[in-house]
Amino acid sequence: MRMSGHHIVWLLAFTGAVAACYYYKILDMAIPWLPISVIGTAVAFYVGFKNNQAYDRMWEARKIWGGIVNDSRTWGMMVDSFITNQFTDNPQSENQLKEIKKRLIYRHIGWLYAHRSQLLVPTSWEHVSQSGHIGKSAGYYQKNFGVGLLHDDDAGNNLIQFLPPNEYEALVKAQNTATQIVNEQSRDLVKLREQGLLNDFRHMEMEKVLRTFYELQGKNERIKKFPLPRQYANMSRYFVAIFIFLLPFGMIPELVKIENWRFWLSVPLTSLIGWIYVMMEIIGDYSENPFQGMANDIPMMSLCRTIEIDLREIMGEKDLPPAIHAKDGILM
C-alpha cells in the first residue's frame, strides 16, 4: 500500500472529476475507443519491455551474489586445507597456522561487508536520492529494516572487526576499499608462498579465486553505476500518463450508450485500469536498481551474514552471529 495507495486516491479523484463534468454538461467530448485501445496496447508493450529489462538487471545481480556465496565457500575451504606445513622448512605451530587462516577468512568477510556498503552508496538516478513520496519511502525502508551503509546497520557489523589493525586505516581510506582488500589478500598469499606454507599450485588456485571476486565485484559495480537507459526508464511514465488521461474520455461515452446513469461506472473502471498501468510502471521502476537500499533489493545483508556464518564455522568457531531473518515479510 505504501507504493500504490496514493495512486488509487488521485486516480479516483481524476476520473470522478471527469465524470462529474459529463454529468453537469460541462464536457461533451468523446474520443473513439479504437485509438485509445491502440495507445493502451502500445503502452503495455513498451512498459512490458522496460519491466523485462529491469527484471534482468535484478536477476543478474542475484546471480552475481550467488556466485559470491559459492566462491566464498570455496575460499574458506582452500584456506582451511591448503595452508599447511607440508612444503615449508620452517614449520609453524598449530596456533600460528590458525591465526593465518583466521586473518585470511576475516579479511574476506570484511571484503563482503565493504562491497555491500559501497553498493549502497546512492546514485543520482536511484529512488533513495529522489525527493517527495519516493524518497520518503526509501527513508522508511532504511529506518525500519536496517538497510543503510555498513556502519549504520542494526546487525552491528564493522570492518574493524575483520581487518588486521595495521591494515584497517589504510584500507578504509582507500577510494575503493573492497578492491584494496582483495589486493591485500593477494599480497598475503605471496608472503605465505615465500614462507613455504603454500606451494605454487595451491598459490595459483587461490589467486584464481581472488580473481573471481574481482570479476563479481566488477559486475555488481557495472549494474550499480550504469542505470537502465533513461529513454526506457523515463519515457514509459509519460506514455502511461497520456493513456490514463485519455481513458475516461473514451470510457464514459461507451458506457453512456448502454444506459445514461452507467457512465458513473467509468470512475471505478477507469481507476482500476489506470492503477494496473501505473503499477506495471512502478514495478519496473523499483526493480531496475537492485542496490538502492529498499524492500525490492537483493538481500545483501542476509547473504553476507550467511557467508560469514559458513566461513567462521569452517574455522571451528562456535560463537556465531545469528542469521538475518525477514522482518514484516522483507528480507534484507
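Residues numbered from 1 in each chain as written. Predicted model: local features only at pLDDT ≥ 70, side-chain atom pairs only at ≥ 80, totals over all residues. Heavy atoms only, no water.

Novice: Please clarify how the overall build of the protein chain should be interpreted in this entry.
Specialist: When helices and strands are tallied, the protein chain shows 11 helices and zero strands. The order of α-helices and β-strands along the protein chain, N terminus first, is α-α-α-α-α-α-α-α-α-α-α. The buried share of the protein chain, taken over its 332 residues, is 47%. Of the contacts formed within the protein chain by residues at least 6 apart in sequence, a portion of 79% connects residues at least 24 apart. Approximately 16,800 Å² of the protein chain is accessible, and the part contributed by carbon and sulfur atoms is 59%. (Helix = DSSP H or I, 4+ residues; strand = E, 2+ residues; numbered from the N terminus. Buried < 20%, exposed > 50% of the residue type's maximum accessible area, 1.4 Å probe, protein only. Contact = heavy atoms within 4.5 Å. Areas by Shrake-Rupley, 256 points an atom, 1.4 Å probe, with all protein chains shown as cover.)

Novice: Looking at this structure, how should I read the nonpolar core?
Specialist: Side chains of nonpolar character tend, in soluble globular proteins, to be buried together. Trp 65, Trp 75 and Ile 83 are the most contacted members of the largest nonpolar core, which totals 49 residues. Looking at this core, the elements that each hand over two or more residues are helix H2 (33–82), helix H3 (94–119), helix H5 (165–172), helix H6 (177–194), helix H7 (200–225) and helix H11 (300–314). Broken down by element, the residue count for this core peaks at 11 residues, all from H3. Beyond its immediate sequence surroundings of up to four residues, Ile 83 is in contact with Met 78, Leu 97, Ile 100, Lys 101, Leu 104, Leu 192, Leu 197 and Leu 198. If you look at the next biggest cluster of nonpolar residues, it comprises 15 residues, including Phe 243, Leu 246, Leu 247 and Met 279. (Core = buried A, V, L, I, M, F, W, Y, C linked by side-chain atoms within 4.5 Å.)

Novice: I'm lost on a nonpolar patch on the surface in this one. Help?
Specialist: A grouping of Tyr 23, Tyr 24, Ile 26 and Trp 264 is seen on the molecular surface, where their side chains present a nonpolar patch of about 500 Å² in accessible area. When its relative accessible area of 62% is taken as the criterion, Ile 26 is described as exposed. (Patch = residues over 30% accessible without salt bridge, like charges linked within 9 Å, V, L, I, M, F, W, Y side chains within 5 Å. Salt bridge = Lys/Arg side-chain N within 4 Å of Asp/Glu carboxyl O.)

Novice: In this structure, what is going on with the confidence of the model for the protein chain? I would like to understand it.
Specialist: Do not read the predicted coordinates in detail wherever pLDDT is low. For the protein chain, the average pLDDT comes to 86, and 88% of its residues sit at 70 or higher. Summarising per-element confidence for the protein chain, the mean pLDDT is lowest in helix H4 (residues 132–145) (57) and highest in H7 (97). Segment residues 146–157 is flagged for pLDDT under 50; beyond a separation of four residues in sequence, or across chains, it makes 33 contacts in the model. (pLDDT = per-residue confidence, 0-100.)

Novice: In this structure, what is going on with the packing of aromatic side chains? I would like to understand it.
Specialist: To describe a pair of aromatic rings, one takes the distance between the centres and the angle between the planes. Overall, the coordinates contain 10 aromatic pairs when judged by the stated rule. Here Trp 111 and Phe 213 contribute two aromatic rings whose centre-to-centre distance is 5.1 Å and whose plane-to-plane angle is 40°, an arrangement assigned as tilted. Here Trp 111 is found in helix H3, whereas its partner Phe 213 is found in helix H7, with 102 residues between them in sequence. Where Phe 243 meets Tyr 277, the ring centres are 4.5 Å apart and the plane angle is 40°; that geometry is what we call tilted. Remark: Tyr 277 occurs in helix H10 (residues 266–287) and Phe 243 occurs in helix H9 (residues 235–258); sequence separation between them is 34 residues. Given a relative accessible area of 12%, Tyr 277 falls into the buried group. Taken together, Tyr 46, Phe 49, Tyr 232 and Phe 239 form an aromatic cluster joined through their ring pairs. It is Lys 102 that lies over the ring of Tyr 106; its NZ or CZ is 5.1 Å from the centre. (Phe/Tyr/Trp six-rings, centres within 6.5 Å; stacked < 30°, edge-to-face > 60°. Lys NZ or Arg CZ within 6 Å of the ring centre and 35° of its normal.)

Novice: Would you explain the environment of Ile 105 in this entry?
Specialist: Following the sequence through the fold, Ile 105 ends up in helix H3. Taking the relative accessible area as the measure of exposure, Ile 105 reaches 1% and is therefore buried. Spatially, the C-alpha atom of Ile 105 lies 9.6 Å from that of Gln 185, the residues being 80 residues apart in sequence. What Ile 105 contacts, discounting residues up to four positions off in sequence, is Trp 75, Gly 76, Val 79, Leu 311 and Met 315.

Novice: Looking at this model, I keep getting lost on the side chain of Glu 308. Mind explaining?
Specialist: Within the secondary structure layout, Glu 308 lies in helix H11. Looking at Glu 308, its side chain comes within polar contact range of the side chain of Arg 312, at 2.8 Å. (Polar contact = N/O pair within 3.5 Å; in protein donor to acceptor, adjacent residues only side chain to side chain.)

Novice: Would you mind showing me how to read the pattern of salt bridges here?
Specialist: Opposite charge on two side chains allows them to pair when their charged atoms are near. Tallied over the full model, the rule gives 18 salt bridges. Between Asp 188 and Arg 103 there is a salt bridge; the shortest N-O distance is 2.7 Å. Taken as a pair, Asp 188 in helix H6 and Arg 103 in helix H3 lie far apart in primary sequence, 85 residues in all. Using a relative accessible area of 28% as the deciding quantity, one classes Arg 103 as partly exposed. With its nearest N and O atoms 2.8 Å apart, the salt bridge here joins Arg 312 to Glu 317. What emerges from the salt-bridge pattern is a single network uniting Lys 50, Arg 237, Glu 281 and Asp 285.

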